[in-house]
Amino acid sequence: MTKREGGASLRETSAKAVLAADAASDAAALPAAAPSPSALRVGLAAAGVRRSRSGKIKTRVMNKQNAAVALVLGVLAGLTAFSLATMNYGKVSFFAALSQAAEDFLMMMLQPGLAGHFTLADVVTGLFVSLALAVLTTFIGAVIAFVLSLFAAVNLSNRPLSNVIKALMSFFRAVPTILWVLVFTVAIGLGPEAAVIGLLFHSIAYLVKAYSESFEEIDPGVLEALRSCGASWWQTVFSAVVPEKMSEMLSWTFIRFEINFVNAVAVGAVAGAGGIGYQLFLAGSFYYNIHEVGLIVYLCLAVAIVLEVASTKLRKRYIAHS
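Since the model is a prediction, treat every value here as computed from it, not as a measurement. (Residues numbered from 1 in each chain as written. Predicted model: local features only at pLDDT ≥ 70, side-chain atom pairs only at ≥ 80, totals over all residues. Heavy atoms only, no water.)

Asker: Would you explain the side chain of Ser157 in this entry?
Answerer: As for its placement among the helices and strands, Ser157 is situated in the loop between α5 (120-152) and α6 (159-174). Polar side-chain contacts of Ser157 include one of 3.1 Å to the backbone oxygen of Phe151. Sequence-distant contacts of Ser157, that is, excluding residues within four places in its chain, are made with Leu150 and Phe151. (Helix = DSSP H or I, 4+ residues; strand = E, 2+ residues; numbered from the N terminus. Polar contact = N/O pair within 3.5 Å; in protein donor to acceptor, adjacent residues only side chain to side chain. Contact = heavy atoms within 4.5 Å.)

Asker: In this structure, what is going on with the pattern of salt bridges? I would like to understand it.
Answerer: Side chains that differ in charge, positive against negative, can pair when their charged atoms come close. Under the counting rule described, the total for this entry stands at four salt bridges. Of the charged contacts, one joins Lys209 and Glu213 as a salt bridge, the two residues approaching to 2.7 Å between their closest N and O atoms. With Lys209 and Glu213 both in helix α8 (residues 192-215) and four residues apart, this pair spans about one turn of that helix. Here Glu213 falls in the partly exposed class, since its relative accessible area comes to 38%. Within this structure, Glu217, Lys245 and Glu248 form a network of salt bridges that share partners. (Salt bridge = Lys/Arg side-chain N within 4 Å of Asp/Glu carboxyl O. Buried < 20%, exposed > 50% of the residue type's maximum accessible area, 1.4 Å probe, protein only.)

Asker: Looking at this structure, how should I read unusual backbone geometry?
Answerer: Peptide bonds are trans in most cases, and residues, glycine excluded, mostly fall at negative phi. Positive phi outside glycine occurs at Tyr288, with the angle close to 55 degrees. Along the chain, the position of Tyr288 falls in the loop between α11 (276-286) and α12 (290-321). On the basis of relative accessible area, Tyr288 is assigned to the exposed category, the value being 65%.

See the structure below:
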């Protein structure tokens, strides 16, 4: 082979290599071929995806958990229907009573007003008395619960002390609020003091659980870093715990404030604390006036809306500031 023929052969081989490389890159640039419908069905079946007869993928698949929930709900529905069918209503017709209850509810909601038993000033004054009970109970309960929750959180305290506080708070929560109020009504006597102390027990227990579980979610690395720098326990609390969890604490406190307001209305007549709860009791159980009950319900609803708006504004302002 001459030198010229060898050079030509080398150039031809290089050209073929370049063409082969271009063809390979073009093939790699092309999109992958779509799988066939049969291959797609096999892949979905292998992945556990189920289809209906029309070919659509089932988004709700009955498994053991869903079957158990459906069974429990079915049994409860059956027991409810059986109880309603076999209950002794006496001379009262169930459907007539249901119709009358619906009429009373519509009258209460659509025709609120005063009937001469109370003045508007009396109702508003009672509303503020119930609101003051809720404010006092929530404020004192939040302060005590904050201190106790620091010792109830495992990452801020030792485990034996944490378990003791949590067990005690569980006992306080297990006793209904109305029972605490009745206990202190017998011990102290009728008046707002019994209502405040009775509401205070359940408020403290509720907020200790909420605060302590929130504190336990703090990153352990942050606490360890502060401790390694020589920060004291209180410095760790006010440098890491409070700034990070203030928003959640505000949310839990306002939720408990709403609950305390509802409880203050409910126990107003029981504990002799007065307020709008006592007027609600008189209007519904003594005067049997649906219109006055409707007005009191609307005032309580307005307070709940104001509390929700105030809570949202405070959280947004704190988050934006922080």
